[in-house]
Amino acid sequence: MNGTRDPKADFLTIYKDIRRPGADKLLAWLASTDFFTAPAGAKHHGAHAGGLVVHSLNVWSRLREITLRDTIDGKAILDLTPETNETVAILGLLHDVCKAGVYHAETKRRRNPETGVWEDYLGYMFRDPLPLGHGEKSLYQITRFMRLEDHEALAIRWHMGAYDAAAHTDLRDLSAAMDATPWVWRLHEADMCAAHIDERGTDE
Ligand SMILES: [Fe+2]
Ligand SMILES: [Fe+2]
């Protein structure tokens, strides 16, 4: 979803696909944080104000394509059911809510690569006041307001795939999660496509 004109408006439109109890309270909490202005990271992809919402939309769009791909029956592409659309919206829009309130804008110094002159620029420092772990924290924050299905919880918990710190020492839990539901791989694939293809070169 590149070239989107109003990412927050797009986010709120797609959020309407989430109809289960608590979705309104979850959205009110998000609006009380810096979620809609936060970057997607301190460096690399999406390191700019609003980058997190753009990233969430990109993951939603990729996840929808991937889910449709997996729903092809012979030559006929089947429409996604409202339940599946709801899952796609939850996973895409909410997998990275853990990034609200962790990137702090700070003035940094750098040497301009063209002029060689030192200059100030606005950068981000990562400081997490609730260091639960990446997928774990999103899971905790979402389920404070709204129930998740097991396959949704697994997908959000493990969306970092083999980049998750827990996978560095033991891949068995990640493999078991991938075996339990295809949504774990789908969300990881969508996240990777968004970060490394859709948001390529979007740092500032
Ligand atoms: Fe993430
Ligand atoms: Fe992500």
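Q: When you look at the coordination of the iron ion (ligand 1) in this model, what are you seeing that I'm missing?
A: For a metal with four tetrahedral donors the ideal donor-metal-donor angle is 109.5 degrees, whereas six octahedral donors ideally subtend 90 or 180 degrees. Ligation of the iron ion (ligand 1) by protein atoms is provided by Asp96 (OD), His134 (NE2) and His159 (NE2), these donors lying 2.1 Å from the ion. One chain supplies every donor for the iron ion (ligand 1), spaced along it as D-x37-H-x24-H. Separating the iron ion (ligand 1) from the iron ion (ligand 2) is a gap of 3.5 Å, which Asp96 spans by donating to each of them. Here His134, found in helix H5 (residues 134-143), pairs with His159, found in the loop between helix H6 (150-157) and helix H7 (172-180); they are 25 residues apart in sequence, far enough to count as distant.

Q: When you look at the state of the cysteines in this model, what are you seeing that I'm missing?
A: Linking two cysteines covalently through their sulfur atoms gives a disulfide. Counted by the stated rule, this structure contains zero disulfides. Summary of cysteine pairing: Cys98 is not part of a disulfide, and the nearest cysteine sulfur, belonging to Cys193, is at 19 Å.

Q: Help me out: how do you make sense of the pattern of salt bridges in this one?
A: Opposite charge on two side chains lets them pair, provided their charged atoms get close. The tally for this structure, following the rule as stated, stands at 14 salt bridges. As a salt-bridge pair, Lys99 and Asp96 come within 3.5 Å of each other at their nearest N and O atoms. With respect to burial, Lys99 and Asp96 carry one shared label: buried. With a shortest N-O distance of 2.9 Å, Arg157 and Asp164 are connected by a salt bridge. Through salt bridges with shared partners, a single network forms among Arg69, Asp70, Arg186 and Glu189.

Q: Can you help me understand the environment of Glu65 in this one?
A: Tracing the backbone shows Glu65 in helix H3 (residues 51-71). Classification of Glu65 as partly exposed rests on a relative accessible area of 46%. A C-alpha to C-alpha distance of 32 Å links Glu65 and Asp128, two positions 63 residues apart in sequence.

Q: What exactly am I supposed to notice about the coordination of the iron ion (ligand 2) here?
A: In this structure, His55 (NE2), His95 (NE2), Asp96 (OD) and Asp191 (OD) serve as the protein donors to the iron ion (ligand 2), at separations of 2.1 to 2.2 Å. Each of the four donor atoms around the iron ion (ligand 2) contributes to a set of angles spanning 86 to 178 degrees, which defines the coordination as irregular. Taken in sequence order, the residues that donate to the iron ion (ligand 2) follow the motif H-x39-H-D-x94-D.

Q: Can you walk me through the environment of Leu94 in this structure?
A: Relative to the helices and strands, Leu94 is located in helix H4 (residues 82-94). For Leu94, the residues in contact, after removing those within four places along its chain, are Tyr15, Ile18, Leu26, Leu30, Ala89, Ser138, Ile142 and Met146.

Q: Before we go on, may I ask you to explain the packing of aromatic side chains in this structure?
A: In total, this model carries six aromatic pairs according to the counting rule given. Pairing Phe11 with Phe36 gives two aromatic rings, centres 5.2 Å apart and planes at 90 degrees, and the pair type is edge-to-face. You can see Phe11 sitting in helix H1 (residues 7-15) and its partner Phe36 sitting in the loop between helix H2 (23-32) and H3, a full 25 residues away along the chain. A single burial state applies to Phe11 and to Phe36, both of which are buried. Sitting over the face of the ring of Tyr121, Arg110 holds its NZ or CZ atom 4.1 Å from the ring centroid. For the cation-ring pair, Arg186 lies above Trp183, with the distance from its terminal atom to the ring centre recorded as 4.6 Å.

Q: Looking at this model, I keep getting lost on the side chain of Asp96. Mind explaining?
A: Mapped onto the elements, Asp96 comes out in the loop between H4 and strand E3 (103-111). Within the structure, Asp96 has its side chain in polar contact with the side chain of His159 (distance 3.2 Å). Those residues in contact with Asp96, other than ones at most four positions away along the chain, are Phe35, Leu52, His55, His134, Ser138, His159 and Asp191.

Scoring rules and cut-offs
Residues numbered from 1 in each chain as written. Chains lettered and ligands numbered in written order. Predicted model: local features only at pLDDT ≥ 70, side-chain atom pairs only at ≥ 80, totals over all residues. Heavy atoms only, no water. Donors = N, O, S within 2.8 Å, 3.2 Å for Na, K, Ca; no water. Helix = DSSP H or I, 4+ residues; strand = E, 2+ residues; numbered from the N terminus. Disulfide = S-S within 2.5 Å. Salt bridge = Lys/Arg side-chain N within 4 Å of Asp/Glu carboxyl O. Buried < 20%, exposed > 50% of the residue type's maximum accessible area, 1.4 Å probe, protein only. Tetrahedral: all angles 85-135°; square planar, octahedral: opposite > 155°, others 65-115°. Contact = heavy atoms within 4.5 Å. Phe/Tyr/Trp six-rings, centres within 6.5 Å; stacked < 30°, edge-to-face > 60°. Lys NZ or Arg CZ within 6 Å of the ring centre and 35° of its normal. Polar contact = N/O pair within 3.5 Å; in protein donor to acceptor, adjacent residues only side chain to side chain.

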